[in-house]
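As a plain string of letters, each chain reads:
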Amino acid sequence: MNKVLVIGSGGREHALAWRLAQSTTVEQVFVAPGNAGTAIEDGIDNVVLDVNNHQAVIQFCQLQNVTLVVVGPEQPLVDGMVDDLSAAGIPCFGPSAAAAQLEGSKAFAKQFLEKHNIPTAAYGEFITVAEAKTYLQDKSFPIVIKADGLAAGKGVIIAEDLAHAEATVEDMLEANAFGDAGSRIIIEEFLQGEEASYIVMADGENFLAMATSQDHKARDNGDVGPNTGGMGAYSPAPVVTADIDAKVVETVIKPTLAGMAKDGMPFTGFLYAGLMIDSSGESKVLEFNVRFGDPETQPIMTRLQSNLDQLCLAAIAGELDQHSIQWDSRFAIGVVMAEAGYPLGNDKGNVIQGLNEVPADIKVFHAGTAQQAGNVVTAGGRVLCVCALDEDLKQAQQKAYQGVKAISWGSEYYRTDIGFKAIK
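Every value quoted in this text rests on a predicted model; they were computed, and no experiment measured them.

Please give an account of the overall build of the chain that cites residues and values.
Within the chain, the regular secondary structure consists of 14 helices and 23 strands. The C-alpha atoms of the chain give a radius of gyration of 21 Å, which matches the 22 Å a tight globule of 424 residues would have. In terms of overall dimensions, the chain has a C-alpha envelope of 60 × 50 × 45 Å along the principal axes. Within the chain, the fraction of its 424 residues that count as buried is 56%. A fraction of 69% describes how many contacts in the chain between residues 6 or more apart in sequence connect residues 24 or more apart. A total accessible area of about 16700 Å² is found for the chain, and carbon and sulfur atoms account for 47% of it.

Quick one: what's the story with empty space enclosed by the protein, residue by residue and with numbers?
Enumeration according to the criterion identifies two cavities of 30 Å³ or more in this entry. There is about 80 Å³ of room inside the largest cavity. Forming the boundary of the largest cavity are Leu102, Glu103, Lys106, Ala109, Lys110, Leu113, Lys146, Ile186, Glu188, Leu286, Glu287 and Phe288. Elements supplying a minimum of two residues to the lining of the largest cavity: helix 6 (101-104), helix 7 (106-115), strand 9 (185-189) and strand 17 (283-289). Looking at which element gives the most residues to the lining of the largest cavity, the answer is helix 7, with four residues. In terms of residue class, the lining of the largest cavity is made up of six nonpolar, no polar and six charged.

A description of the sheet that holds strand 16 (residues 268-277) should follow, citing residues and the corresponding values.
As summarised here, the arrangement of the four strands in space is 11-10-16-17, forming an open sheet in which the pairing is antiparallel. Because the sheet does not close on itself, it has two edges, and the strands there are strand 11 (207-209) and strand 17. Going from strand to strand, the sheet's axes swing by 30 degrees on average, the running direction of each strand aside. Pairing of strand 16 with strand 17, which is carried by six bridges, proceeds in the antiparallel orientation. When the sheet's bridge partners are listed, alanine 273 is paired in strand 17 with phenylalanine 288. Of the strands in this sheet, strand 10 (194-203), strand 11, strand 16 and strand 17 are in contact with helix 10 (residues 242-262), which crosses strand 16 at around 130 degrees. The sheet contacts of helix 12 (residues 308-316) involve strand 10, strand 11 and strand 16, and relative to strand 10 the element is tilted by about 65 degrees.

Can you tell me about the layout of surface pockets, naming the residues and giving the values?
A volume near 270 Å³ is recorded for the second largest pocket. Residue lining of the second largest pocket: 14 residues in total, with Ile40, Leu355, Asn356, Val364 and His366 positioned closest to the centre. Top element by residues in the lining of the second largest pocket is strand 19 (residues 363-366). It accounts for three residues. The residue makeup of the lining of the second largest pocket, split by class, is eight nonpolar, four polar and two charged.

Can you explain the pattern of salt bridges? Please cite residues and give values.
Tallied over the full model, the rule gives 21 salt bridges. The partner of glutamate 13 in a salt bridge is arginine 12, and the shortest N-O contact between them spans 2.7 Å. As far as burial versus exposure is concerned, glutamate 13 and arginine 12 are alike and both buried. Arginine 291 serves as the salt-bridge partner of glutamate 74, at 3.3 Å between the closest nitrogen and oxygen. On the criterion of sequence distance, the pair formed by glutamate 74 in helix 4 (residues 74-78) and arginine 291 in the loop between strand 17 and helix 11 (297-303) is long-range, its members being 217 residues apart. Judged by relative accessible area, arginine 291 falls into the buried class, the value being 10%. Here the residues in one salt-bridge network are Asp223, Arg415, Asp417 and Lys421, joined through shared partners.

Any chance you could break down the side chain of aspartate 294 for me, citing the residues and the numbers?
When you line up the elements, aspartate 294 lands in the loop between strand 17 and helix 11. Of the side chains with opposite charge, arginine 382 comes closest to the buried, unpaired aspartate 294, at an N-O distance of 4.0 Å. There is a polar contact of 3.2 Å between the side chain of aspartate 294 and the backbone nitrogen of arginine 12. Discounting residues that sit within four places of it in the chain, aspartate 294 has contacts with Gly11, Arg12, Gly229 and Arg382.

Residue-level account of the side chain of glutamate 103, with values.
With respect to the helices and strands, the residue glutamate 103 is situated in helix 6. Assessed through its relative accessible area of 6%, glutamate 103 is described here as buried. Within the structure, the side chain of glutamate 103 is placed 2.6 Å from the side chain of arginine 291, a separation counted as a polar contact.

Account for helix 13 (residues 393-405), with residues named and values stated.
With 13 residues, helix 13 should cover 18 Å at 1.5 Å per step; its first-to-last C-alpha distance of 18 Å lies within 8% of that length. Three or more residues of helix 13 are buried, namely Leu393, Ala396, Gln397, Lys399, Ala400, Tyr401, Gly403 and Val404. Contacts made by the buried residues of helix 13 are with strand 15 (232-235), strand 18 (331-339), strand 22 (382-390) and helix 14 (420-423). In this structure aspartate 392 caps helix 13, since a side-chain oxygen of it lies 3.1 Å from the backbone nitrogen of lysine 394.

Quick notes on the rules
- The residue numbering used here restarts from 1 in each chain and proceeds along that chain's sequence as written.
- Given that the model is predicted, a residue must reach a pLDDT of at least 70 before its local features are reported, and side-chain atom pairs must reach 80 or more before they are shown or counted; all residues, however, enter totals for whole chains, interfaces and linings.
- As a rule here, side-chain values come from all non-hydrogen atoms in the structure, and water together with hydrogens is ignored.
- Per the convention used, a helix needs a DSSP run of H or I reaching at least four residues, while a strand needs a run of E reaching at least two, with both numbered from the N terminus.
- With the radius of gyration taken over C-alpha atoms, the globule rule is written as 2.2 Å times the number of residues to the power 0.38.
- Think of it in three bands: residues with accessible area under 20% of the maximum for their type are buried, residues over 50% are exposed, and the middle band is partly exposed, with areas taken using a 1.4 Å probe on protein chains only.
- In what follows, residue pairs with any heavy atoms lying within 4.5 Å of each other are defined as contacts.
- Note on areas: Shrake-Rupley with a 1.4 Å probe; residue coverage comes only from the protein chains shown.
- Think of a 1 Å grid over just the protein atoms. A cavity is a set of points where a 1.4 Å probe fits yet cannot get out, a pocket is an open set with protein on both sides within 12 Å along at least five of seven lines, and lining residues have an atom within 4 Å of a point.
- Grid points are joined across faces, edges and corners, and a volume is the space filled by probe spheres set on the points.
- Side-chain classes follow a simple rule in which Ala, Val, Leu, Ile, Met, Phe, Trp, Tyr, Cys and Pro form the nonpolar group, Asp, Glu, Lys and Arg form the charged group, and the remainder, Gly included, forms the polar group.
- By this definition, two strands are paired if DSSP reports at least two bridges between them.
- All axes here are fitted lines through C-alpha atoms, helices being fitted over the stretch that makes contact, and every angle between N-to-C directions spans 0 to 180 degrees.
- The rule for a salt bridge is simple: a side-chain nitrogen of Lys or Arg has to be within 4 Å of a carboxyl oxygen of Asp or Glu.
- When charges are counted, neither His nor the chain ends are considered; positive counts come from Lys and Arg and negative counts from Asp and Glu.
- Here a polar contact means two N or O atoms within 3.5 Å. Within protein one must be a hydrogen donor candidate and the other an acceptor candidate, and residues neighboring in sequence count only if both atoms are side-chain atoms.
- Multiplying 1.5 Å by the helix residue count minus one yields the expected span of that helix.

Read these as geometric descriptors, not functional statements.
This is the structure in structure tokens:
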């Protein structure tokens, strides 16, 4: 039986820890630092651990006989946690620091895509305002401007016209709006179509595809408003037809894994390709993430029926080709409840009411929550993700919103149309 440590504190980590705790081959799940949701789950314990101190993590794993570490967020991966734990003999699921550059640097990712002929948007890379402004002069709008480094999901701006684009360039390169992450920027063409998240588990060579999913990045109904980390998601995503699925495997997933291996950085972990699928069914890579998406993880984990720990350990051993993966055939949908000011202002400390009123067949994953004086309180940003399963996506949507309506804290905000594209 395995003892598993999950690194992270968000909704993704709650969902991963919850699924791991359901496994028939897991006896104990630890989460560092976790949140109020992981604190109250059976079989899960939050631990106080400085996850930036890799030696402290190693010592905890040795003391507790941890047999698997699953890293949720991108920063510890970019910082080399997998390298350090693996060197200490602790099985750690995720990419090396070198492979994590696929997410850690937009410039690295774009250069990699170009080098290996993987379809993506046309782009330019800049470190000075003057060069970036010159590049913009003959471009059509809208256009996408991205900070090169990690910016907690906020370093992507869609500029509607030249004035907006030039102001964004100045913000990033001169005013330091995203700190070091924005000291280099990418400007790329705006792609038309429908977005989908294509996530696989990889072992450096082989892979198993996760269930397809689609998230809603825009804050407001109808996919308008500022870009966020994601306001909800559903799985499977009907936009990814069998034909498109097969094409993505051949044009994106296989060449990415082969290219990373060829470049001396074999990729083990969750590889997330954010895709734009156009009206003719052609897919281009918008971005790579080197970990599971949030909020896609929540609905996908409600559908997963295989033992996640066994799959992670098989990937670490390079043996994913000996395994298959089982899914609940039903639709899953997750609706994010956030603070009203998200993604800008973040109120905190509001007592969350109604968690016990949510029907038993609806799963509430916590993200920005904490425990305070016996209450569950908000900790800012995206607070909860309310998930439901049903044979019919419309029914799953209605169930999820039934759960949402049971919960309040006075300043909650959520979209009321999650899943609308697929239902339409």
